[in-house]
Amino acid sequence: MSEFDAIVVGGGPAGTSAAMRLAANKLNVLLVEKADPPGSKNVSGGVLWGNSLSGVMPDWEKTAPLERYVKSKGIGFLTKDSSIDINFRSTKFNETKTGYTVLRTKLDQFLNKKAKDAGVTVVTGVTVDRLAFEGKKVVGVEQDGDIITSDAVILAEGANPRVAIDSGIRPPLKDEDVAIGVKEVIKLPEKTINDRFNLREKEGFAGEYVLGFLDGGVEAGGFLYTNKDSISLGVVISMKHLRENNKTYSYDIVEQFKNHPSIAPLLEDGKVDEYSARMVQEGGLASIPKLYGNGYMIAGDAAGFSFSNGLILQGMNYAIASGIAAADTVVEAKAGSGISEQSLSRYEEKLMNSFVLRDMHTFKGIGDITWGSLIHQKMPGVLEKVMLGLFMEDGEPKKHVNQIVKEALKSSGLKSSKLLLEGYRMYKRM
Amino acid sequence: MTLELVVLIKVVPDGKEVFVDPVNFTLNRSMATNVLNPADENALEAALKIKDEHGARITVMTMAPPFAEPFLLECMSRGADQAVLISDRAVAGSDTYPTSLTVAAAIKHLGKVDIVFAGEKTSDSSTGHVGPGVAEFLEAELATYSRSCRYEDGFVIAERELEEGVEVVKIPTPAVVTVITDSNNPRRATLRKKLNAQKKGIIVWSLQDVGLPSDWVGLRSSPTVVKKMLPFPAIERKGKVIALDMIDDFVKELVDSGIIKRGGN
C-alpha cells in the first residue's frame, strides 16, 4: 500500500489548489515545495484573474492576502517620446471583481497554510529529484535515493518543469516556447499610488504595454500593476529574441521601461524592494506536453497553461483550475476503477470542457501575432504619427484623418495591403 | 552501548539583515528573518559524522520560545534522532550563566551523555560562553574551537584551531566540543527525514521538567548588565588599484602602510 493517496509537487496556486481539493475529499496528501518559506522562490507579475480559487476556498475574496482589485485596465503602446494608452475603468468592476493584484510571497504562504489546515502534509525546503516508476507506472517520487510512495502524483512545479523533464515524461523546453519575465517591486506609499493612478482605497490598476522603443529593436512586452503600497513592474522578452540579440540584457530593458517619460513619473521616489526573473511559457497549444500518464498528471505552468493575447497576461487562474481538475480526477479514479492511464485520461477531458484548454484552442497561434514585428516595431510608430498629426498644432494647414493615416503608414514602410492582411489575421486571432 | 550525542542550537536573527539603530545604538532585528546560528550547523554536522561512523543517538536541544520548533525539526530532517525544546516564561532574559545552567540540567535530565556539541559562538551575541558553561555545570571535559573531531573508545580527539596553530587534544567522555564556523559542509535535509521529523515532532520541557527552581534563571539571576552599545566605526577603504603583475609594488604598499612586516632575515 502507498504511503499517500497523492503527492503534489509544487506549492504554488496549482499545487495548493490540488492538495486542498484532495484533502477536502478525505484523501491523504503530501505537498512538497522547494522554497522555504513557500513563495520565496516565486516571481509572478501578480494579477489573479477570475474566480477559480472559489473551488477550494469559497471565501477567498475575504480571507486571502489580496492587494487591490482591478478597477482600471490599461493597454499602452510606447514609443521613445510618446505613449498611446487605452485605459478602461468601470464601476462594473466594483460589483463583479474580475481580477486582484497579489504579491505571491504572501499569497503562496497563505495557500500553503490553508492546505496544512485542511490536513495536507506540507513539506517545504526540499526538491524532488524525479518521479519513481515501477515499470511504466508512477508509484511516487524519488528524493536523495529515497522513494516516497503514492497512488498518484500531480506535478505542479511551475514554468521550469525540471522534475517532468528529468523523469522523461516531457521534452525539454524550446526557446520559441519560452519567454523571460523580469520583475521589480517598487515601494511607494499607498496614498501616492492612489493619487498617481487616480484610484481610491482598494482599487487597482493593471496595465500591459508594447515597448516599441527599445534599443536595437528588441521586442518585449511590459506590465505594471499596483499593489497596496508597492508597484509590480516588469518586462517579458521572448527567449528567441534574447538569444538573437546577445547584447541585450533583460535588466537593461527593465531600466528602459522604467525610464520611459510616461512611466518614470509614476515610479518617482519609489524604492526597489525586490527584483527577480523567471521563465514564462508562451508556447501556447503547440508546446503543451502529454498531460497525464499511468499514475501522474501535469498541472499549471508546468503544463504550459498560461494565456497572453497581447491585451492580457494570465496564468494563476489556469493553474488553479487545472490543479482542481487534476485533484477531481484522482478522487474519481480512486472511487471508481483505480488509478490508471485510462482513468487519469479524464483529466484532459475535464480541461477540454473548461476554459483551460478551450482558451488554448481558441487562441492557438496567437504567439505569431503578439511576438510579431507589426505590433512591436511598426504599430507604436504609426500610432504616434497619427496622434501627432491629429493633436500637434504646428501652424500648417490641417489634414483629413485618412491623409494623416496614409502618411504615417507610408513613413513606416508598411504597405496598406500588408497591413490589411496582418490586421485581419490579428483581428481574427485575438 | 549506543553513543549519546547532544547538539546545542540557537535560533538567531540573520546577521545580514540586522543593523545598528543610528540613534540609540541598539540592534534593530525587526527586519531580520530567523536562521539557525551558522556555527551550530557545523556542530550538528560534526555529530552526524560520528553517528555515520559509530552509530549514535543525536538529541538536538535549544532553550527558546516555541518559534524555534521548525529549526529543531530541520535538524531532525538532517539526521538528528530527537529534539528537545526547553521553553519556559521564567527563563526569559537569561544571560549565558543561567542559560548554561538550564541547558546542563536538561542534558542531565536526558540521562547518559557522551559528547555535547555546540557552535563556537552565536552570531547574535558572540560570547562563546554557553558551551564551556555547560561543560562546567556537567563537570565534563571541554575542547573549544574544534575544526574536526572523532571518537575513539571513550575519548574524543579534537583538532583545535587556535591563533598560534592547531592543537590536537584527546579528552575522555563525557565531553563538550565547540565547533568553529564553516569547518565542515552541513548535509541537506531529505524529504524522507522531513516526513519522519514531522511525524515524530519535538519534545518540550518546562523548567520544572528539568528540575530547576524559577528563581535561579531569568533576567534577575543574570549577572550581565548591558550598559550601552556603541557602533563600530566604519573603515574607509583606500580603493587603490595595483595591477596583478606589479606584485612587488603591492607588497611594498602593504609594508609601507604597516599592514604586514618585513621578515627577520
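The rules behind each value
- Residues numbered from 1 in each chain as written.
- Chains lettered and ligands numbered in written order.
- Predicted model: local features only at pLDDT ≥ 70, side-chain atom pairs only at ≥ 80, totals over all residues.
- Heavy atoms only, no water.
- Helix = DSSP H or I, 4+ residues; strand = E, 2+ residues; numbered from the N terminus.
- Buried < 20%, exposed > 50% of the residue type's maximum accessible area, 1.4 Å probe, protein only.
- Contact = heavy atoms within 4.5 Å.
- Lys, Arg positive; Asp, Glu negative; His and termini not counted.
- Charge placed at Lys NZ, Arg CZ, Asp CG, Glu CD.
- Rg over C-alpha atoms; globule rule 2.2 N^0.38 Å.
- Areas by Shrake-Rupley, 256 points an atom, 1.4 Å probe, with all protein chains shown as cover.
- Buried area = accessible area lost by both parts, 1.4 Å probe.
- Salt bridge = Lys/Arg side-chain N within 4 Å of Asp/Glu carboxyl O.
- Core = buried A, V, L, I, M, F, W, Y, C linked by side-chain atoms within 4.5 Å.
- Domains from an automatic or database assignment.
- 1 Å grid on protein atoms, 1.4 Å probe; cavity = no way out; pocket = protein on both sides within 12 Å on 5 of 7 lines; lining within 4 Å.
- Points joined across faces, edges and corners; volume = space filled by probe spheres on them.
- Expected span 1.5 Å × (residues − 1).
- Polar contact = N/O pair within 3.5 Å; in protein donor to acceptor, adjacent residues only side chain to side chain.
- Nonpolar A, V, L, I, M, F, W, Y, C, P; charged D, E, K, R; others polar.

**A look at the overall build of chain B**
Item 1. Along its length, chain B carries seven helices and 13 strands.
Item 2. When the 265 residues of chain B are sorted by exposure, 42% land in the buried category.
Item 3. Of the contacts formed within chain B by residues at least 6 apart in sequence, a portion of 70% connects residues at least 24 apart.
Item 4. Each charge class in chain B can be summarised by its mean position, and for the 31 positive and 36 negative side chains these summaries are 3 Å apart.

**Looking at the overall build of chain A**
Item 1. Each helix and strand counted, chain A has 17 helices and 19 strands in total.
Item 2. On C-alpha atoms alone, chain A measures out to a radius of gyration of 23 Å, which is about the 22 Å that the 2.2 N^0.38 rule sets for 430 residues.
Item 3. Reported as C-alpha extents along the three principal axes, the dimensions of chain A are approximately 85 × 45 × 40 Å.
Item 4. Scored against the burial criterion, the 430 residues of chain A give a buried share of 54%.
Item 5. Taking the contacts inside chain A whose residues are at least 6 apart along the sequence as the reference set, 72% of them involve residues at least 24 apart.
Item 6. Only carbon and sulfur atoms are counted for the fraction: they give 52% of the accessible area of chain A, which is about 19800 Å².
Item 7. Each charge class in chain A was averaged separately, 53 positive and 54 negative side chains, and the resulting centres sit 4 Å apart.

**Let's talk about the interface of chain A and chain B**
Item 1. In this complex, chain A contributes 17 residues to the contact, which on the side of chain B involves seven residues.
Item 2. Summed over both sides, the interface between chain A and chain B buries roughly 950 Å², with carbon and sulfur atoms accounting for 58% of that surface.
Item 3. For the pair chain A and chain B, the interface holds one salt bridge.
Item 4. Where Arg192 of chain B meets Glu3 of chain A, a salt bridge forms, and the shortest distance between an N and an O atom there is 2.7 Å.

**Some points on the nonpolar core**
Item 1. Counting 90 residues, the largest nonpolar core has Leu22, Phe305 and Tyr347 of chain A as the members making the most contacts within it.
Item 2. Ranked by residue count, the leading element in this core is helix 10 (residues 316-335) of chain A, at twelve residues.
Item 3. Looking at which domains feed residues into this core, each of domain 1 (4-67 + 104-171 + 289-353) and domain 2 (176-280) of chain A gives three or more.
Item 4. Sequence-distant contacts of Phe305 of chain A, defined by excluding residues within four places in its chain, comprise Ile288, Leu291, Ile298, Gly300, Gly315, Tyr318, Ser322, Tyr347, Leu351, Val356 and Leu357 of chain A.
Item 5. Formed by 39 residues, the second largest nonpolar core is a distinct cluster that contains Val7, Ile50, Tyr151 and Val156 of chain B.

**Section: the layout of surface pockets**
Item 1. Reported here for the second largest pocket is a volume of approximately 1400 Å³.
Item 2. Secondary structure elements with two or more residues in the lining of the second largest pocket: helix 4 (104-117) and strand 7 (121-124) of chain A together with strand 5 (34-36), helix 2 (69-78) and helix 5 (191-200) of chain B.
Item 3. The element that contributes the greatest number of residues to the lining of the second largest pocket is helix 2 of chain B, accounting for seven residues.

**Things to note about helix 10 of chain A**
Item 1. With 20 residues, helix 10 of chain A should reach 28 Å at 1.5 Å per residue; the first-to-last C-alpha distance of 29 Å fits that figure.
Item 2. Judged by how many residues are buried, helix 10 of chain A sits mostly within the fold: 17 of 20 residues are covered.

**Observations concerning the domain arrangement of chain A**
Residues and elements named next belong to chain A.
Item 1. One can read the domain layout of chain A as domain 1 (4-67 + 104-171 + 289-353), domain 2 (176-280) and domain 3 (368-429).
Item 2. For domain 1 and domain 2, the distance between their C-alpha centroids amounts to 28 Å.
Item 3. Listed as interface residues are 13 residues of domain 1 and, on the opposing side, 14 residues of domain 2.
Item 4. Both faces combined, the contact of domain 1 with domain 2 buries some 1300 Å², and carbon together with sulfur accounts for 58% of it.
Item 5. Along the contact surface separating domain 1 from domain 2 lie one salt bridge.
Item 6. Across the contact surface, domain 1 and domain 2 share two residue pairs in polar contact (both at pLDDT 80 or more).
Item 7. Class assignment of the residues belonging to the side of domain 1 that touches domain 2 gives a composition of six nonpolar, five polar and two charged.

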